[in-house]
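The lines below spell out each chain.
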Amino acid sequence: MIPRWVLGVVAVAALVAVIDVAVFVLARDGAQPAAAKSAVRSSNLVAVIDAKSSRVVDRLHVGDSPTLVVAGYGGAWVLNKGDGTLTHVDGGTRRIVETKRLDVTATDLALGDGGVWVVGRLRSDITHPLEFARLERIDPNTGRVDRRLQTATGASVIAAGGDALWSTGVLPGRVRGAARSDSHTGAIRRVNIEIYGDLVAADDRAVYWVGSSASRVARVSTRTGLLTSSLPLATDESLAAGHVPPNPTDVAVGGGALWISAVDGSVLRVDPNLHGIVATIPACRNALAVAYGAGAVWVACGDATVVRVDPETDQAGPPIPVGALPRGIAASGGAVWVTLN
């Protein structure tokens, strides 16, 4: 008889596949035929945008099916989902430093607390239940894994901040929820956020979980690990008027605000203490991912473009064609890094 947790792994894998198909269909609906043809020729690349000129200045071949990207510590790191590798790109020369095979089947990347973090289950691990996951920190200078933390959070998405890793996953008892893992010792503590937050972002003061289905955001203090506030992304009045609540696709924090991209192409600017939604900014037709860095907000869109949002005016600039479907986006050191898959 097949153990129930093995069936759970299969279910999770199926869900990931469904999400990938959904992203493709969503983007296809918003893309022009020329962009779709270009995407066939331009996959497995990272586009580099100069933050000052808002122009693509380079395209780099990376691994198979690049999805997530983080930037900082003088470089960018790209998760290649198709072949289970991580590519390190030098931020100054825009040349590939190394592409390494990971010990884990990585589901997310985070940058902070001294390095680049990956999370996932050990490869070919069929002996442990869903709660078991590995957090690994990569030294940005040497490229070596310098910290390995075994967790029982079942983490699938993570963010780094306040000397901790904050995650959503399958907790002991097969309960979906949020957790804090000490970035030095790996000590785990559950975090009550009162929602299921499948998107997470953090800085040194707070961590934010966003529920894409619940359209709600929760804020937790990184100092106390306690829930400080919660905010619905759609008011009762808006729902009563027949307006559809936003369907969040990504979240970023920076510039004194929380930024949430949505399926309808808008970006929500939210007060960092969750006192309310400051602005709803039309960016494009389908917003797939969002990042803050290089003094601006950057939105990856389903029509094979990236849009810059000025945080001073809350105005979106003209679309920047990147030639293929963007999957992940990060900005640091005057450059914007976009995975094309």
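Parameters at a glance
Residues numbered from 1 in each chain as written. Predicted model: local features only at pLDDT ≥ 70, side-chain atom pairs only at ≥ 80, totals over all residues. Heavy atoms only, no water. Helix = DSSP H or I, 4+ residues; strand = E, 2+ residues; numbered from the N terminus. Buried < 20%, exposed > 50% of the residue type's maximum accessible area, 1.4 Å probe, protein only. Contact = heavy atoms within 4.5 Å. Areas by Shrake-Rupley, 256 points an atom, 1.4 Å probe, with all protein chains shown as cover. Pairing = 2+ DSSP bridges. Axes fitted to C-alpha atoms, helices over the stretch in contact; angles between N-to-C directions. Salt bridge = Lys/Arg side-chain N within 4 Å of Asp/Glu carboxyl O. Disulfide = S-S within 2.5 Å. Core = buried A, V, L, I, M, F, W, Y, C linked by side-chain atoms within 4.5 Å. Phe/Tyr/Trp six-rings, centres within 6.5 Å; stacked < 30°, edge-to-face > 60°.

(A) Structural view of the overall build of the chain. When helices and strands are tallied, the chain shows three helices and 29 strands. Taken over 341 residues, the chain has a buried fraction of 52%. At a minimum sequence separation of 6, the contacts of the chain that also span at least 24 residues come to 43%. Counting every atom, the chain has about 15400 Å² of accessible surface; 54% of that belongs to carbon and sulfur.

(B) Expanded view of the sheet that holds strand S15 (residues 199–202). Strand order in the open sheet formed by four strands is S15-S16-S17-S18, with antiparallel pairing between adjacent strands. Each of the sheet's edge strands pairs with one partner strand only, and the pair in question is S15 and strand S18 (227–232). The sheet shows a mean angle of 15 degrees between the axes of neighbouring strands, direction not considered. Pairing of strand S17 (residues 216–221) with S18 involves five bridges; the strand directions are antiparallel. Looking at S18, one finds that Arg 216 is bridged to Pro 232.

(C) Region of the structure containing the pattern of salt bridges. Tallied over the full model, the rule gives seven salt bridges. As a salt-bridge pair, Glu 136 and Arg 148 come within 3.4 Å of each other at their nearest N and O atoms. Of this pair, Glu 136 sits in strand S9 (residues 133–138) while Arg 148 sits in strand S10 (residues 145–151); the two residues are 12 residues apart in sequence, bridging distant segments of the chain. For Glu 136, a relative accessible area of 1% corresponds to the buried category.

(D) Quick peek at unusual backbone geometry. Unlike most non-glycine residues, Ser 54 shows phi in positive territory, near 55 degrees. Following the sequence through the fold, Ser 54 ends up in the loop between strand S1 (45–50) and strand S2 (55–61). The phi torsion at Glu 194 lies on the positive side, around 65 degrees, for a residue other than glycine. The residue Glu 194 is located in the loop between strand S14 (188–191) and S15 in this model. Among the residues examined, Glu 194 registers a relative accessible area of 62% and is labelled exposed.

(E) Region of interest: the state of the cysteines. Applying the stated criterion to the full structure yields one disulfide. Bridging Cys 284 to Cys 301, the disulfide has an S-S length of 2.2 Å. The sign of the S-S torsion, about -90 degrees, decides the handedness of the disulfide formed by Cys 284 and Cys 301: left-handed. On the criterion of sequence distance, the pair formed by Cys 284 in the loop between strand S22 (277–282) and strand S23 (287–293) and Cys 301 in strand S24 (residues 296–301) is long-range, its members being 17 residues apart.

(F) Summary view of the environment of Gly 63. Mapping Gly 63 onto the fold places it in the loop between S2 and strand S3 (66–72). For the pair Gly 63 and Leu 45, spaced 18 residues apart in sequence, the C-alpha to C-alpha distance is 8.0 Å. In contact with Gly 63, other than residues within four places in its own chain, are Asn 44, Asn 80, Asp 83 and Thr 87.

(G) Structural context of the nonpolar core. Counting 18 residues, the largest nonpolar core has Ile 49, Trp 298, Val 306, Ile 329, Val 336, Val 338 and Leu 340 as its most contacted members. Broken down by secondary-structure element, the contributors of at least two residues to this core are S1, S23, S24, strand S28 (326–332) and strand S29 (335–340). With 15 residues, the next largest nonpolar core counts Val 267, Ala 283, Cys 284 and Val 299 among its residues.

(H) Structural view of the sheet that holds S3. Read across the sheet, four strands follow the order S3-S4-S5-S6 without closing on themselves; strand pairing throughout is antiparallel. Among the strands making up the open sheet, the edge pair consists of S3 and strand S6 (96–101). In this sheet, adjacent strand axes meet at a mean angle of 15 degrees when their direction is disregarded. Pairing geometry for S3 and strand S4 (residues 75–80), over five bridges, is antiparallel. Within S4, the position partnered with Val 70 by the bridge is Trp 77.

(I) A look at the packing of aromatic side chains. Within the structure shown, the criterion is met by one aromatic pair. When the ring of Trp 166 is compared with that of Trp 209, the centres are 6.3 Å apart and the planes differ by 80 degrees; the resulting orientation is edge-to-face. Note that Trp 166 is positioned in strand S12 (residues 164–171) and Trp 209 in strand S16 (residues 206–211), a separation of 43 residues in sequence. Across this residue pair, the class does not change: Trp 166 and Trp 209 are buried.

Everything listed here is a matter of geometry and, on its own, says nothing about what the molecule does.
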